[in-house]
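Observations on chain architecture
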Amino acid sequence: MKLSRFLFSFRFAVQGIGTAMKREQNMKVHAGSAVVVVAAGMWTGLDPVEWMLVILLIGGMLALELVNSALERVVDLVTAERHPLAKQAKDMAAGAVLVFAVASAIIGLLIFLPKWF
């Protein structure tokens, strides 16, 4: 594979992120939360391991939200009618995002609270 073709393939990924940022409310919320957490981390003075955890959690959250949004679009593309399996697929993907968000929040509290109190 040529380097230029490889680098060009990143364009589609960036377009996907841009689309999600423009059209998905939850993606905006997660991205805004990430900015707040990074600012809090800079203010608090996290150590390198804590930064690695925070970056991993932010990246995982944003990636999972992108997958959830993609799955919702695919389901909508496959069927315009309300189907129980389509609803279940969307609900399960949203549930995965919620599980990761709650776990991320708990880990964030475990990192930040001891430094603040």
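A brief report on the enclosed structure follows.

Cut-offs used in this document
Residues numbered from 1 in each chain as written. Predicted model: local features only at pLDDT ≥ 70, side-chain atom pairs only at ≥ 80, totals over all residues. Heavy atoms only, no water. Helix = DSSP H or I, 4+ residues; strand = E, 2+ residues; numbered from the N terminus. Rg over C-alpha atoms; globule rule 2.2 N^0.38 Å. Buried < 20%, exposed > 50% of the residue type's maximum accessible area, 1.4 Å probe, protein only. Contact = heavy atoms within 4.5 Å. Areas by Shrake-Rupley, 256 points an atom, 1.4 Å probe, with all protein chains shown as cover. Lys, Arg positive; Asp, Glu negative; His and termini not counted. Charge placed at Lys NZ, Arg CZ, Asp CG, Glu CD. Salt bridge = Lys/Arg side-chain N within 4 Å of Asp/Glu carboxyl O.

Examining the overall build of the protein
In terms of regular secondary structure, the protein is built from four helices and zero strands. Mapped in sequence order, the helices and strands of the protein form the string α-α-α-α. Expected size for 117 residues packed as a compact globule is a radius of gyration near 13 Å; at 17 Å, the protein overshoots this value by more than 25%. Looking at the 117 residues of the protein, the share that counts as buried comes to 22%. Sequence separation of 24 or more characterises 68% of the internal contacts of the protein that already satisfy a separation of 6 or more. When the accessible surface of the protein is totalled, it reaches about 8,500 Å², and 73% of it is carbon and sulfur. One way to put it: in the protein the 11 positive side-chain charges average out to a point 11 Å from where the 8 negative ones average out.

Points about the pattern of salt bridges
By the definition in use, this model includes four salt bridges. Put simply, Glu50 and Lys115 hold a salt bridge, and the shortest N to O gap is 3.2 Å. Taken together, the positions of Glu50 in helix α3 (residues 48-78) and Lys115 in helix α4 (residues 84-116) put the pair 65 residues apart, joining distant regions of the chain. Between Lys90 and Asp76 there is a salt bridge, with the nearest N and O atoms lying 2.5 Å from each other. Placement of the pair is Lys90 in helix α4 and Asp76 in helix α3, with a sequence separation of 14 residues. Since its relative accessible area comes to 25%, Lys90 is described here as partly exposed.

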